[in-house]
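The lines below spell out each chain.
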Amino acid sequence: MNLKVRKVASGFAGEVIGADLSREEDFAPVYQAFLDYGVVAVRGGPLAPAAQIAFAKRFGPLMGRRPSTPDKVLMPGYPEIILLSNRREKGQKIGISDAGRYWHSDLCFEEKPNLCTVVHAVEIPPVGGDTLFADLEMAYTALPEALKLRIEGKRAAHTFKKHYLEVMAEGSDRPPLTPEQIENLAETYHPIARTHPETGRKTLFINPGHTTHVEGLDGEESAELLKTLYEYCLRPAHIYRHVWSVGDTVVWDNRRVMHNAEPYDMGLYTRHMHRCSIHGDAPF
Ligand SMILES: [Fe+2]
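No experiment lies behind these values; they were computed from the predicted model shown.

A.B. asks: It is not clear to me how the overall build of the protein should be interpreted in this structure. Could you clarify?
C.D. replies: Secondary structure assignment for the protein yields seven helices and 18 strands. Computed over its C-alpha atoms, the radius of gyration of the protein comes to 18 Å, within 12% of the 19 Å expected for a compact globule of 284 residues. Here the protein, with 284 residues, has 39% of them falling under the buried criterion. Once local pairs closer than 6 in sequence are excluded, the contacts in the protein between residues at least 24 apart make up 79%.

A.B. asks: I'm lost on the pairing of strand β10 (residues 155-158) in this one. Help?
C.D. replies: Sheet faces and side chains relate simply in a regular strand, where the side chains alternate between the two faces. What you see with β10 is a clean split: A156 and H158 sit on the buried side and R155 and A157 on the side with no burial. In this sheet, strand β11 (residues 188-191) lies alongside β10 in antiparallel orientation, the contact comprising four bridges. Bridging from a neighbouring strand, A156 pairs with H190 of β11. The pairing of β10 with strand β14 (residues 211-214) spans three bridges and is antiparallel. Pairing of A156 across the sheet is with V214, part of β14.

A.B. asks: Sorry, what's going on with the sheet that holds β14 here?
C.D. replies: Sheets are built from strands paired through backbone hydrogen bonds, the pairs being either parallel or antiparallel. Overall, antiparallel pairing links the three strands, which are arranged β11-β10-β14 in an open sheet. Two strands in the sheet have a free side with no partner beyond their single neighbour: β11 and β14. Direction aside, the axes of adjacent strands within the sheet are offset by 35 degrees on average.

A.B. asks: I would appreciate a short explanation of the nonpolar core in the present structure.
C.D. replies: Looking at soluble globular proteins, one finds that nonpolar side chains tend to be buried together. Grouped together as the largest cluster of nonpolar side chains are 58 residues, with contacts concentrated most on A13, V39, V40, L136, I192 and L204. If near-sequence neighbours (up to four positions away) are discounted, I192 is found in contact with I151, K154, R155, A156, L204, F205, I206 and V214.

A.B. asks: So what exactly am I meant to see when it comes to the sheet that holds strand β15 (residues 239-242) here?
C.D. replies: In space, the three strands of this open sheet follow the order β15-β9-β17, with antiparallel pairing throughout. In this open sheet, the two edge strands, each paired with only one partner strand, are β15 and β17 (257-261). Each strand axis lies, on average, 20 degrees off the axis of its neighbour in the sheet, ignoring direction. When strand β9 (residues 131-135) meets β17, the two strands line up antiparallel, connected through five bridges. Bridge assignment links A134 to a residue of β17, and that residue is M258.

About the cut-offs
Residues numbered from 1 in each chain as written. Predicted model: local features only at pLDDT ≥ 70, side-chain atom pairs only at ≥ 80, totals over all residues. Helix = DSSP H or I, 4+ residues; strand = E, 2+ residues; numbered from the N terminus. Rg over C-alpha atoms; globule rule 2.2 N^0.38 Å. Buried ≥ 20, exposed ≤ 12 C-beta atoms within 10 Å, placed from the backbone. Contact = placed C-beta atoms within 7 Å. Pairing = 2+ DSSP bridges. Axes fitted to C-alpha atoms, helices over the stretch in contact; angles between N-to-C directions. Core = buried A, V, L, I, M, F, W, Y, C linked by C-beta atoms within 7 Å.

What follows is the structure, given as structure tokens:
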């Protein structure tokens, strides 16, 4: 079957049909779709862990295990893959079951946030568990000139601490961090409008999950500015809802989009995904 790339009907993402992700020659069109659309959904059927790792490595160096990642959520034999899953084995959870249920960009709170994320769907619930993506390049383009000028050269603070404390207060069953680990969840500042290092196009780089405030503004003014910007980010025309099928491999560009994993009934259904994360550069 020939490889075909097309824009999805319902949103901004690209869809790839007929790709064999283990073939080197199929990577160039997938990568071009990734740059063109920001989110690329490869409808490709099952992908073995080793093949997913090899495919993900073509985007850049893989993230190693982070100090805050518990060993038990890594795929046995393949520590490059984190299990996003509510499956249990011998009564024990084997993955992170409540990951990413809020608008965020992966590791935006690091000096060098994730370049992209590669997720492969192994088992999905019949209802729920969709992933929403918001294109912050379209959001930036839609801003009035006065607003673009207002954010020019401004930076925003990002931290994981905000989200971590919120989910733990809500009773998450994640393994808790030590007080020292929590203290080390520092704030990082990035430009609000960043330039995509490969396309050269400008995009917003903020998200409600991890962005706390705008540098140099008082609390009220900062909150008002972020609220205004999020209204552009979350316009329906800037959002793509990915309804997963088993065998989908979705790659998203964390430099350009934010995402939000919708919940599903974890008592009734299983959702099991394999995730690889790729190192990025410092935003500018
Ligand atoms: Fe995420």
